[in-house]
Amino acid sequence: MSSSLSQQFYTELKQTVLIDPHSHINPLAAASTSLADLLGYHYYTELSHSAGMPKATIEPYDGKPLEPKEKVHRLIENIAPLDNTIQWSWMLELCRDLFDWKEDRIDLSNWERLYDQSAKICAAPGWEDEVLKRSGVESIFLTNDFDDPLAGFDLKRYIPCLRTDDLVFHLARSSVQTRLAKCTGIAPSNLSSLNNAITKLFEHFTKHQARACAISLPPDFCPSEVSDADAETAFSRLLKSGEANPDLEAKATISRWVFWTLAKRCSDFKLPFDLMIGVNRQVYPTGVFQGQDLYDSRVSLIQYSKLFNAFPDVVFPVSVLASVTNQELVDYAWIFPNVVTNGHWWYSNTPSIIQHDLRARLEAIPRTKQIGYYSDAYKLEFILPKFNMYRRILARVLAEDFAVARGWSEQSCLALGKQLLRGNVETIFKI
Amino acid sequence: MSSSLSQQFYTELKQTVLIDPHSHINPLAAASTSLADLLGYHYYTELSHSAGMPKATIEPYDGKPLEPKEKVHRLIENIAPLDNTIQWSWMLELCRDLFDWKEDRIDLSNWERLYDQSAKICAAPGWEDEVLKRSGVESIFLTNDFDDPLAGFDLKRYIPCLRTDDLVFHLARSSVQTRLAKCTGIAPSNLSSLNNAITKLFEHFTKHQARACAISLPPDFCPSEVSDADAETAFSRLLKSGEANPDLEAKATISRWVFWTLAKRCSDFKLPFDLMIGVNRQVYPTGVFQGQDLYDSRVSLIQYSKLFNAFPDVVFPVSVLASVTNQELVDYAWIFPNVVTNGHWWYSNTPSIIQHDLRARLEAIPRTKQIGYYSDAYKLEFILPKFNMYRRILARVLAEDFAVARGWSEQSCLALGKQLLRGNVETIFKI
Amino acid sequence: MSSSLSQQFYTELKQTVLIDPHSHINPLAAASTSLADLLGYHYYTELSHSAGMPKATIEPYDGKPLEPKEKVHRLIENIAPLDNTIQWSWMLELCRDLFDWKEDRIDLSNWERLYDQSAKICAAPGWEDEVLKRSGVESIFLTNDFDDPLAGFDLKRYIPCLRTDDLVFHLARSSVQTRLAKCTGIAPSNLSSLNNAITKLFEHFTKHQARACAISLPPDFCPSEVSDADAETAFSRLLKSGEANPDLEAKATISRWVFWTLAKRCSDFKLPFDLMIGVNRQVYPTGVFQGQDLYDSRVSLIQYSKLFNAFPDVVFPVSVLASVTNQELVDYAWIFPNVVTNGHWWYSNTPSIIQHDLRARLEAIPRTKQIGYYSDAYKLEFILPKFNMYRRILARVLAEDFAVARGWSEQSCLALGKQLLRGNVETIFKI
């Protein structure tokens, strides 16, 4: 019974028009132009590399990018070892649903036909609109560099989000200082000018309908307040020590000060502050592009307790990288009014982990405090299969844990599902 | 097949009369007098606060407690966002089974009727007996302060348990010293008198049929033996430094010494020592009453290996706060004769986590070493729905993992279930 | 549907002839001679001790081993409390499938008959061949001490594996130094001779068809390169300090240097390096033989990132002791070409944990990089029930997650299953 019910719920949940609350879409080139844009996604290049494809096959030493069709050819040559992965199933579903692909497999015997077919479809006028329509997506959050002009696109469809990793962790780089000076007109030469520059960013972003500030954080980061006096000293030492050989203690102090200042501005400008907790960058530095990051799962949300206490009026949508942190996330969201759960991030975005984490969330956190899912997509075409994966799991959990186990009506189950898929995105991000 | 079988097992398991091995029942006011006693449970106030209800709504600034009916009214106004939680399902089941409530929901349209109906039922003579009868409960362990007189109640029905958090972690407080002096007649002015006072407590409790000593422990606690000489010095420094500004190193030393001394007395008096491992108090200090504690899941039972080795004749029923520690608990109970698993505590007391933890326990720990469940209840009425939740999961695991997967007979499955529900409580706590 | 399909898959997967990639079989006495060899397995003695059997009952104080039949008698007397464990289910299945045992239970009423029956079967000529035939096993990896002569057995059937714990962690012991000198002809008196002796071991093992180097590692081990100069100093200090009171800092340095040198030799000799990560030895030092080890689950594969980066041409089949580390293992194998997953080790070798860990692996790691299972057996008879347990879970996951959830054909599901069971053992260990 629960199996047919879950199928029915899945069909119903697909009717909900989505607002995707986190992506890496480039709004000036949101849809793909060919299969190369899709197969070039790090999920495929890194898995293919992990299965034995040399990095040079896909990222030639001479630095010249491969011709798109050749890139696809090379990846398809190495794709068989990945065909069990859920990531590959996204590709198959995407091709079926968006590129009218009828075959069960994509391999050396048929990829060229798929390539040509998809290129034709992608080149048709209005493809971007068509993908969104077929995917049931209304608008999508972006991940914008702090110096993004936020111009040239529809701010209703593509919702800006101020990404702040560079400000918190890379302020020692002169390139970051220069970019900050250029986009704000304020050279960050001391703490006060740095503070003013940050405020300018929030003004720019909120003027352009930004709905969130966001950051990804390493496992050992532990935010706390830094006095302006300490920060002033640290900033001056950081600027003096320079990029090549930065004063590491000063750098850490400034990271904490900037992070805390961002939280203050989120409070002032009434922006939720998305925390994506737990990633170590460049653990595998010779891996393929974007396939180098991993983590240490020994992280605790207790590291964020001072933050959650200090900013009761800032909403923190929190993503954790490893499933072993999910119970802490559930329990911090269970107690703290300003902590909400946000999607299933990256290494935790596979079915068995989503199901585990989702069940724990649905049974213990108020329903208003759970943002079900985001695509994290780099190209529009991935939103469909990723959300479908999530909707299948959500449908199953609603069927098993609510309809069957608790006797909930179908209507009540679907109302809960739709709230996770869309309703909470609207209320939490004030859309 | 496993689904109807699990339903059948559930019905059978409800026939076992329970001894609830851990609760916070006040034996002088064990049952509720109105819905306010039940909705005032921290599970509802903290979730409601987390979902947006200001603390002042339920804990007025003037310090005057709310009139019970008004308290319920305010909570019901804010209850809709919690209706997905398993905690709320306990309330619905409790009202159906104990207060003859026939409706699917409790909301602003009907709560007053429920309030009046339940108040009438609670006020009937013999309600306490009736709750126990309907809940199939014979006796219940208490959580008694060390200076509890243990008088005025039936020691067969309400079994004392010496709770020792204050002694281990708060001995720097003069109020604790005063209470200890008052109830034992021994002022703890040096190590020897402290030792004697502790022994007095064990005499008092065991004379009153206490069946366990218990304590909750923070994640960073790591018990080890402290020499009397070191403890003497530390105690004298602690007393000298005073409550407001205690000598923290001396405090930590005394914590370890008192804890180790408690284990010695458990050995002498043949009491099991319940360890509830992993809670950080007041992580959210401005939260509602009892809704302020969380944890750091980075804890290991290896911190307790010296203890388990040093006291082979003391049984340690261990509860862990986070499911990520459950496998360690399973494996320490698999090897150490004196480690037994004890229920599903607090943040791990939700269905998906219980199922995960229970399956791992049942497949790898001797069946004699598993205490299935305790209610942790503050009022008698909660024992029924909480144990029902557990029994449903236990029935399902027995059906799937034993009847279907291993071909066990129904009788064998039920015998195992009953041993977890009751038999082991009797043998482990010698009842 | 998925339940009958999973039964069908199980039957099909049993047709695959196995190469067991990790065991503790003694090739000179591979099969059992009586039930005492099987019930004496630490899984039963430790669980029985944990359930209350005094250590002296099974390991008499006088040091004289028990007569085999008496040993079995004593264990059967204490076996009832373990009958729920999966470990005990292995024994029942083994007796049914190998000793023609028809009864549901083994207890005091019938054990003697089983004992005699099994002794007769074990004594029949060709029993070793018969066990392997009935178990569908072709060859088995051993765990050889570094000074094992590797003589007297069929190197096709029993594949040597160089176990290196003693070299990395116990080189301070004069017995280890003496053994090394004796088997290589090189007394390890300085770094250069130590290096040469290690190389000799690799020559000896690879000449005898060894297919892997292996080691088990404590949770706090963090490999890194040590300069020869630092290692030379440390080794000289270690030799000088002696076994009874070794220079601990020097010992730690030498551990890291030897470990790194082993990785270099694995590269030179093209051997995979099996890492079994996470065990603490002798946590319960007064436990029964081999029933004393536990762990601290707070370990991260980030501790191995330098190693994985430094040896891109060495394949590291990694086992983790606790399921909370499985997601890290999945994700490191997802990114690093030289990290592959290896079986379900020890405390994670129980059904609910295998299922959890397997699902996460199958959905996110290239199919070529997963070694499904190894028996870890001490006697041949255990290979059958342990692999059956794994095959049942594998069959179920293939049915639910691939056939039903993703619409894979039966043939595709089985091909994936067989690759995990055998194909990857052949390709990864070059058999």
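Residues numbered from 1 in each chain as written. Chains lettered and ligands numbered in written order. Predicted model: local features only at pLDDT ≥ 70, side-chain atom pairs only at ≥ 80, totals over all residues. Heavy atoms only, no water.

### What to know about the relation of the copies chain C and chain A
We apply this condition: Least squares is the method for superposing the copies, and the C-alpha atoms it fits come from residues with pLDDT of at least 70 in both. The contact rule is simple, with two residues in contact once any of their heavy atoms fall within 4.5 Å.
Superposing chain C onto chain A takes a rotation of 120 degrees plus a shift of 0.0 Å along the axis, which leaves an RMSD of 0.0 Å. Given the turn and translation reported, the copies of this chain are related as if by a three-fold rotation axis. A distinct binding surface is used by each copy, with only 6% of the interface residues of chain C retained as interface residues in chain A.

### Let's talk about the pattern of salt bridges
Residues and elements named next belong to chain A. Put simply, the test is: A side-chain nitrogen of Lys or Arg and a carboxyl oxygen of Asp or Glu constitute a salt bridge if their distance falls within 4 Å. Each helix is a run of H or I in the DSSP string that is no shorter than four residues. Each strand is a run of E no shorter than two, and both are numbered from the N terminus. Each residue is assigned to one of three classes by its accessible area relative to the maximum for its type, calculated with a 1.4 Å probe on protein chains only: buried under 20%, partly exposed between the two thresholds, exposed over 50%.
This structure, assessed with the given rule, holds 69 salt bridges over all chains. Among the salt bridges present, the one from Glu103 reaches Arg113, with a minimum N-O distance of 2.4 Å. Pair noted here: Glu103 is in the loop between α6 (86–99) and α7 (111–123) and Arg113 is in helix α7, with a separation of ten residues, a long-range link. Take Arg113: its relative accessible area is 45%, and that puts it in the partly exposed class. Several salt bridges converge on common partners, so that one network encompasses Lys69, Glu112 and Asp116.

### Observations regarding empty space enclosed by the protein
Threshold: In this analysis, the protein atoms alone were mapped onto a 1 Å grid. Cavities are point sets where a 1.4 Å probe fits without being able to get out; pockets are open sets with protein on both sides within 12 Å along at least five of seven lines; lining residues have an atom within 4 Å of a point. Grid points are joined across faces, edges and corners, and a volume is the space filled by probe spheres set on the points.
If you walk through the whole model with that rule in mind, you get eight cavities of 30 Å³ or more. The space that makes up the largest cavity amounts to roughly 200 Å³. Together, 14 residues line the largest cavity, and A:Ser297, A:Val324, B:Ser297, B:Arg298 and B:Val324 are the ones closest to its centre.

### As for helix α3 (residues 42–50) of chain B
Across the nine residues of α3(B), nine count as buried, placing the element largely inside the fold. Every buried residue of α3(B) is listed here: B:His42, B:Tyr43, B:Tyr44, B:Thr45, B:Glu46, B:Leu47, B:Ser48, B:His49 and B:Ser50. Its buried side turned inward, α3(B) meets α15 (326–335) of chain A together with α2 (35–39), α4 (55–58), α5 (68–77), α6 (86–99) and α17 (383–406) of chain B. Where α3(B) ends, the next residue or the one after it, B:Gly52, has phi of about 125 degrees, a positive value.

### A word on the layout of surface pockets
Residue and element names in this part refer to chain B. As a reminder, the rule being used: For this classification, the nonpolar set comprises Ala, Val, Leu, Ile, Met, Phe, Trp, Tyr, Cys and Pro, the charged set comprises Asp, Glu, Lys and Arg, and every other residue, Gly included, is treated as polar.
For the second largest pocket, the calculated volume is near 1,500 Å³. Lining the second largest pocket we find 50 residues, and of these Arg163, Asp165, His170, Ser216 and Arg281 sit closest to its centre. Those elements that place two or more of their residues in the lining of the second largest pocket are α3, α9 (165–169), β5 (212–217), α13 (248–269) and β7 (279–280). Element by element, the count of residues in the lining of the second largest pocket is highest for α13, at five residues. Classifying every residue of the lining of the second largest pocket gives 23 nonpolar, 13 polar and 14 charged.

### Re the side chain of C:Gln327
To keep things clear, this is the line we draw: Polar contacts, as counted here, are pairs of nitrogen or oxygen atoms within 3.5 Å of one another; within protein the pair requires one atom able to donate a hydrogen and one able to accept it, and residues that are adjacent in sequence qualify only if both atoms are side-chain atoms.
Relative to the helices and strands, C:Gln327 resides in helix α15 (residues 326–335). Given a relative accessible area of 8%, C:Gln327 falls into the buried group. Among the polar contacts made by the side chain of C:Gln327, one reaches the main-chain carbonyl oxygen of A:Tyr347 at a distance of 2.9 Å. Once residues lying within four places of it in the same chain are set aside, the contact partners of C:Gln327 are A:Tyr295, A:Leu321, A:Ala322, A:Ser323, A:Val324, A:Tyr347, A:Ser348 and A:Ile353.

### Concerning the interface of chain C and chain B
Heads up, the rule is: A quick way to say it: buried area is the sum, across both parts, of accessible area lost when two parts are put together, with a 1.4 Å probe.
Contact with chain C, which involves 38 residues of that partner, is made by 32 residues of chain B. Across the interface of chain C and chain B, roughly 2,900 Å² is buried in total on both sides, 54% from carbon and sulfur atoms. A salt bridge links B:Arg367 to C:Asp83, with the nearest nitrogen and oxygen atoms 2.7 Å apart. The interface formed by chain C and chain B holds 25 residue pairs in polar contact (both at pLDDT 80 or more) in total. Put simply, the parts of the chain that give the side of chain C that touches chain B at least two residues each are α3 (42–50), α6 (86–99), β8 (294–295) and α16 (351–362) of chain C. Tallying contributions element by element places α3(C) first for the side of chain C that touches chain B, with five residues. The class makeup of the residues in the side of chain C that touches chain B is 19 nonpolar, 15 polar and four charged.

### As for the confidence of the model for chain A
Where we set the bar: Values of pLDDT, which run from 0 to 100, indicate the predictor's confidence residue by residue.
Residue-level pLDDT values for chain A average 97, and 100% of them are 70 or greater. Interface confidence in the predicted complex, given as ipTM, is 0.98; pTM for the same model is 0.98.

### A word on the sheet that holds strand β5 (residues 212–217) of chain C
Residue and element names in this part refer to chain C. We apply this condition: At least two DSSP bridges between two strands are needed for those strands to be called paired. For helices, the fitted axis covers only the stretch in contact; all axes are lines through C-alpha atoms, and the angles between them, taken along N-to-C directions, range from 0 to 180 degrees.
An order of β4-β5-β6-β9-β10-β11 is seen for the six strands of this open sheet, with the pairing classed as parallel. Only two strands of the sheet have a single partner each, and these edge strands are β4 (161–163) and β11 (370–371). Relative to strand β9 (residues 316–320), strand β6 (residues 273–277) is paired through three bridges, and the arrangement is parallel. Looking at the pairing, Leu275 lines up with Val318 of β9. Sheet contacts for helix α13 (residues 248–269): β5 and β6; angle to β6, the most-contacted strand, approximately 145 degrees.

### Examining the pairing of β5(C)
Residue and element names in this part refer to chain C. Counting buried residues in β5 gives six out of six residues, a clear majority hidden from the surface. With three bridges joining them, β4 and β5 adopt parallel strand pairing. Looking across to β5, one finds that Cys161 is bridged to Ala212. Of the strand pairs in this sheet, β5 and β6 are connected by five bridges, and their pairing is parallel. Following the sheet pairing, Leu217 is matched in β6 by Ile277.

### Things to note about the relation of the copies chain C and chain B
What relates the pair of chain copies is a rotation about an axis plus a shift along that axis. Rotating chain C by 120 degrees and translating it 0.0 Å along the rotation axis places it on chain B, where the RMSD comes to 0.0 Å. Here only 5% of the interface residues in chain C have copies in chain B that are interface residues too; the copies meet through unlike faces.

### Some thoughts on the interface of chain C and chain A
Taken together, the 32 residues of chain C in the interface contact 38 residues of chain A. Summed over both sides, the interface between chain C and chain A buries roughly 2,800 Å², with carbon and sulfur atoms accounting for 55% of that surface. Contact with chain A buries surface across chain C, with C:Trp334, C:Ile335 and C:Glu363 losing the most and accounting together for 26% of the total. Our count for the chain C to chain A interface comes out at one salt bridge. Joining chain C to chain A, the criterion identifies 25 residue pairs in polar contact (both at pLDDT 80 or more). When residues of the side of chain C that touches chain A are traced back to their parent elements, those giving at least two are α14 (305–310), α15, α16 and α17 (383–406) of chain C.

### Quick word on helix α13 (residues 248–269) of chain A
Residue and element names in this part refer to chain A. As a reminder, the rule being used: Each residue after the first adds 1.5 Å to the expected span of a helix.
The end-to-end C-alpha separation of α13 is 31 Å, in line with the 32 Å expected for 22 residues at 1.5 Å each. A distance of 3.2 Å separates the backbone nitrogen of Glu249 from a side-chain oxygen at the start of α13, and that oxygen is part of Asp247. Remark: Lys270 follows α13 within two positions and exhibits a positive phi of approximately 55 degrees.

### Thoughts on unusual backbone geometry
A negative phi holds for most residues other than glycine; trans holds for most peptide bonds. Residues and elements named next belong to chain A. The phi torsion at Gln282 lies on the positive side, around 60 degrees, for a residue other than glycine. In the Ramachandran plot, Trp346 falls in the positive-phi region, its phi being about 55 degrees despite a non-glycine side chain. Relative to the helices and strands, Trp346 resides in the loop between β10 (339–342) and α16 (351–362).

### Comments concerning the nonpolar core
Within soluble globular proteins, side chains that are nonpolar tend to cluster in buried spots. Selection rule: Among buried residues, the Ala, Val, Leu, Ile, Met, Phe, Trp, Tyr and Cys ones that are joined through side-chain atoms within 4.5 Å form a nonpolar core.
In terms of nonpolar packing, the biggest core is built from 450 residues, with A:Leu275, B:Leu275 and C:Leu275 touching the most fellow members. When residues no more than four places from it in sequence are discounted, the contact partners of B:Leu275 are B:Ile215, B:Leu217, B:Phe259, B:Tyr304, B:Leu307, B:Phe308, B:Phe316, B:Pro317, B:Val318 and B:Ser319.

### As for the pairing of strand β2 (residues 137–141) of chain B
Residue and element names in this part refer to chain B. Of all five residues that make up β2, four are buried, and the element is covered over most of its length. Summarising the sheet, β2 and strand β3 (residues 158–159) pair through two bridges and their orientation is parallel. When the sheet's bridge partners are listed, Phe141 is paired in β3 with Ile159.

### Overview of the environment of A:Pro125
Structurally, A:Pro125 can be placed in the loop between α7 and α8 (127–135). C-alpha of A:Pro125 to C-alpha of A:Lys430: the two residues are 305 residues apart in sequence and 33 Å apart in space.

### Observations regarding the packing of α6(C) against helix α8 (residues 127–135) of chain C
All names here are of chain C. Rules: Roughly parallel covers angles under 35 degrees, roughly antiparallel covers those over 145, roughly perpendicular covers 65 to 115, and oblique covers all other angles. By convention the crossing between two helices is left-handed if the near helix lies anticlockwise of the far one by an angle smaller than a right angle, and right-handed if it lies clockwise.
Contact pair α6 / α8: the axes reach a minimum separation of 11 Å and the direction vectors enclose 110 degrees. Taken together, the axis directions place α6 and α8 in an arrangement best described as roughly perpendicular. You can see that α6 and α8 cross each other, and the crossing is right-handed. Seen from α6, the contacting residues are Asp97, Leu98 and Phe99; seen from α8, they are Trp127, Val131 and Arg134. The residue makeup of the contact of α6 with α8, split by class, is four nonpolar, no polar and two charged.

### Looking at the sheet that holds strand β9 (residues 316–320) of chain B
Residue and element names in this part refer to chain B. Taken together, six strands build an open sheet; the order of strands is β4-β5-β6-β9-β10-β11 and the sheet is parallel. Looking at the sheet topology across the chains shown, the edges are occupied by β4 (161–163) and β11 (370–371). Sheet analysis places β9 next to strand β10 (residues 339–342), joined by three bridges and oriented parallel. Opposite Val318, over in β10, you have Thr341 as the bridge partner. Sheet contacts for helix α15 (residues 326–335): β9 and β10; angle to β10, the most-contacted strand, approximately 140 degrees.

### Considering the environment of A:Phe311
On the secondary structure map, A:Phe311 appears in the loop between α14 (305–310) and β9 (316–320). In this structure A:Phe311 touches A:Trp260, A:Ala263, A:Lys264, A:Phe316 and A:Asn338, once residues within four positions along its chain are discounted.

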